[in-house]
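Overview (structure and organization)
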Amino acid sequence: MPTVTVRNLDEDTKRGLQQLGALHGRSMEAEIRAILAAAVRTTTAEDLRAASAADSDRPGLAERIHQRFVDLHLDGELVIELPDRTTITRPNPFDDAASADADDPAPR
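This write-up is about the structure you can find in this document. (Residues numbered from 1 in each chain as written. Predicted model: local features only at pLDDT ≥ 70, side-chain atom pairs only at ≥ 80, totals over all residues. Heavy atoms only, no water.)

For N8, which is not glycine, the phi torsion reads 60° and is therefore positive. Given a relative accessible area of 81%, N8 falls into the exposed group. (Buried < 20%, exposed > 50% of the residue type's maximum accessible area, 1.4 Å probe, protein only.)

Moving on, we get to the pattern of salt bridges. Scanning all chains against the criterion turns up three salt bridges. The closest approach of N and O atoms between R26 and E31, which form a salt bridge, is 2.6 Å. (Salt bridge = Lys/Arg side-chain N within 4 Å of Asp/Glu carboxyl O.)

One water molecule sets the probe size; rolling that probe over the atoms shows where empty space is left. Here the largest pocket is characterised by a volume of approximately 510 Å³. Lining of the largest pocket is provided by 14 residues; of these, V4, E29, I32, R33 and L36 occupy positions nearest its centre. Each residue belonging to the lining of the largest pocket can be placed in one class, and the counts come to 10 nonpolar, two polar and two charged. (1 Å grid on protein atoms, 1.4 Å probe; cavity = no way out; pocket = protein on both sides within 12 Å on 5 of 7 lines; lining within 4 Å. Points joined across faces, edges and corners; volume = space filled by probe spheres on them. Nonpolar A, V, L, I, M, F, W, Y, C, P; charged D, E, K, R; others polar.)

Quick look at the structure:
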């Protein structure tokens, strides 16, 4: 059976769940299971569609990313100031010495 952990539950809510459980003659954990099961049983497909429609009014990921970076654009051009390069990075040279070391069976 799966386990669910609820973090950051305030003390008043925890105490209320304990009291509800005691009122119904069960533990806090059993009370939480009963509350969740009742919520799922009473939720209809129409409720889920309505909730989904409400979420569709929120901007999607692409729109939220666009809004975060919209300040970087000026008249449709991307404006990012890059620092001047002061040094040139050169790749490490590959020579035959490296391959010769690989063929050498003597440990060093």
